[in-house]
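# Structural characterization, general
For reference, the chains in residue letters:
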Amino acid sequence: MPAPDVWLDTVTPKISITINSMLPSLHKKGYSTLVTAKNQTQTTDMLDALKVPYKAIGEYGTTLKEKLAVEQKRTLEFLDLFDQVGYPKVLWTHGDVSAIRTAFGLRIPIVYANDTVFAYAVAKLACPLVDYLVAPKCFGKSWSKFGISKSRIIHYDGLEEMAYVGAEFEKPKLLKDLNNQKKPIILFRDAEYQAVYCKDVKVNSEKLLQELAKLGTVICLPRYKEEQEKLEKIPNVWVPPEPVLTAQLIPYVDLMVGSGGTACRETALCGIPTINFHFWDVQARYLFKKKFPIQIIRNHNRIIATAKKLLANPQKIDTRKSLNTLESPVPSWIKYLELCLQKQE
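The sections below set out a description of the structure shown in this document. (Residues numbered from 1 in each chain as written. Predicted model: local features only at pLDDT ≥ 70, side-chain atom pairs only at ≥ 80, totals over all residues. Heavy atoms only, no water.)

## Overview of the sheet that holds strand 7 (residues 153–156)
Taken in spatial order, the seven strands line up as 3-2-1-4-5-6-7 in an open sheet, and their pairing is parallel. Looking at the sheet topology across the chains shown, the edges are occupied by strand 3 (55–59) and strand 7. Strand-to-strand twist across the sheet, computed as the mean angle between neighbouring axes with direction ignored, equals 20°. Pairing of strand 6 (residues 132–136) with strand 7 involves four bridges; the strand directions are parallel. The residue of strand 7 that forms the bridge with P136 is Y156. The sheet contacts of helix 1 (residues 13–28) involve strand 1 (6–10), strand 2 (33–39) and strand 4 (90–93), and relative to strand 1 the element is tilted by about 165°. (Pairing = 2+ DSSP bridges. Helix = DSSP H or I, 4+ residues; strand = E, 2+ residues; numbered from the N terminus. Axes fitted to C-alpha atoms, helices over the stretch in contact; angles between N-to-C directions. Contact = heavy atoms within 4.5 Å.)

This is how it looks when you write it as structure tokens:
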């Protein structure tokens, strides 16, 4: 078995979807690929749903000690895997320290995608080691303070979600249940509160969820499996029994409320009125300036008041013209992956 050309590593559901959008372009160009995934927060569930072949490597720690331990263990698991499948020629990843450290130690070039500059711990450990960092223009050269030269920070005028917004995804049968739910439909996504960087979220999301459920049916996409039983006890809250993509829910949703940056950007890009109470709002402000229907509100009472107003006359916005002004990151990602591969020839 020949060694893979491109190694792609994912540790979040969004990056699993993103990798799925990159693979056809890479394969069309004749590159062989290896996808690895940390078994956490629906990451592998999403790859399964998208039918993307992968190797599950590593887990997710909760405490600081656990996080450090599993990262060290994951590095050793990569080495064992490469002894079996061959050593890849270049790594594409989005913020996982163990993959970046492993590649750096093996002198494998690294193309680093990132749109979470607030994840300081990861940035400090990752940025000095990568060959290229490809990031949204709205962040400027923010990452240079973490030890990467500005010349190696590559910009595109768009967001990572543009890699797959508008793509066709099969609608799972379970979504038929939404036809029998109380209208209107509100999508809710909480903050990734177990992450080290997650802080300063001022909204009590549990109380907010209960009040939103009085306005209609809330589709809640939980971050962690242990949440599901608790959420299902709240009247008018529906938790999909299987992993679903935001894109699959778009036709049903009238309003998005959440601190999930990715989900909020996905709905706003598709024209669904969106209320974002995320603690970091650079990309939300970028979309707001581009005339997408997203508002940044961090006050509980204002969120509820705005939700009631928007649901009084639910309307989706036609965002097709605005979408044409945004760039997908995929061409830049592939360009710099190829540049790294050419340097090895």
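From this point on, the discussion continues.
## As for the side chain of D96
Structurally, D96 can be placed in the loop between strand 4 and helix 4 (97–105). For D96, the side chain forms a polar contact with the side chain of K38, separated by 3.3 Å. Contacts of D96, omitting those with residues within four sequence positions, involve D9, V11, K38, E71 and R74. (Polar contact = N/O pair within 3.5 Å; in protein donor to acceptor, adjacent residues only side chain to side chain.)

## Quick notes on the packing of aromatic side chains
In this structure the tally under the stated criterion is nine aromatic pairs. With 6.1 Å between their ring centres and 15° between their planes, F78 and F82 make a pair best called stacked. With F78 and F82 both in helix 3 (residues 64–85), this residue pair falls four residues apart, about one helical turn. Taken individually, F78 and F82 each receive the classification buried, so the pair is uniform in this respect. Where Y132 meets Y336, the ring centres are 4.8 Å apart and the plane angle is 50°; that geometry is what we call tilted. Remark: Y336 occurs in helix 13 (residues 330–343) and Y132 occurs in strand 6; sequence separation between them is 204 residues. As far as burial versus exposure is concerned, Y132 and Y336 are alike and both buried. Here a set of aromatic residues connected by ring pairs shows up, and it is made of W7, F78, F82 and Y87. (Phe/Tyr/Trp six-rings, centres within 6.5 Å; stacked < 30°, edge-to-face > 60°. Buried < 20%, exposed > 50% of the residue type's maximum accessible area, 1.4 Å probe, protein only.)

## Brief notes about the pattern of salt bridges
According to the stated counting rule, one finds 13 salt bridges in the structure shown. Between K14 and E161 there is a salt bridge, with the nearest N and O atoms lying 3.3 Å from each other. Separated by 147 residues along the polypeptide, K14 in helix 1 and E161 in the loop between strand 7 and strand 8 (185–189) bring together distant segments of the chain. Among the residues examined, E161 registers a relative accessible area of 0% and is labelled buried. Residue D318 pairs with R320 through a salt bridge whose shortest N-O separation is 2.7 Å. Taken together, the shared-partner salt bridges connect D9, K38, E71, R74 and D96 into one network. (Salt bridge = Lys/Arg side-chain N within 4 Å of Asp/Glu carboxyl O.)

## Remarks on the nonpolar core
With 34 residues, the main nonpolar core has L8 and W92 as its most contacted residues. With seven residues, the top contributor of residues to this core is helix 13. The contacts of L8, once residues within four sequence positions are left out, are I19, M22, L23, L26, T33, L34, V35, T36 and W92. I219, L221, L249 and Y286 belong to the second-largest nonpolar core, a separate cluster that totals 28 residues. (Core = buried A, V, L, I, M, F, W, Y, C linked by side-chain atoms within 4.5 Å.)

## Examining the packing of helix 1 against helix 13
Taken N-terminus to C-terminus, the directions of helix 1 and helix 13 make an angle of 60°; their axes are 11 Å apart at the nearest point. It follows from the interaxial angle that helix 1 and helix 13 lie oblique. Between helix 1 and helix 13 lies a crossing whose hand is right-handed. Every residue of helix 13 that contacts helix 1 at T18, S21, M22, S25 and L26 is listed here: V330, W333, I334 and L337. Of the residues in the contact of helix 1 with helix 13, the class split is six nonpolar, three polar and no charged. (Parallel < 35°, antiparallel > 145°, perpendicular 65-115°, else oblique. Left-handed = near helix turned anticlockwise from the far one by under 90°. Nonpolar A, V, L, I, M, F, W, Y, C, P; charged D, E, K, R; others polar.)

## What about the packing of helix 3 against helix 4?
Between helix 3 and helix 4, the least distance of the axes is 9 Å, while the angle of their chain directions is 50°. Overall, the two elements helix 3 and helix 4 adopt an arrangement that is oblique. Relative to helix 4, helix 3 is oriented so that their crossing is right-handed. Contacts between helix 3 and helix 4 pair E71, Q72, R74, T75, F78, L79 and F82 from the former with V97, S98, A99, R101 and T102 from the latter. Across the contact of helix 3 with helix 4, the residue classes tally to five nonpolar, four polar and three charged.

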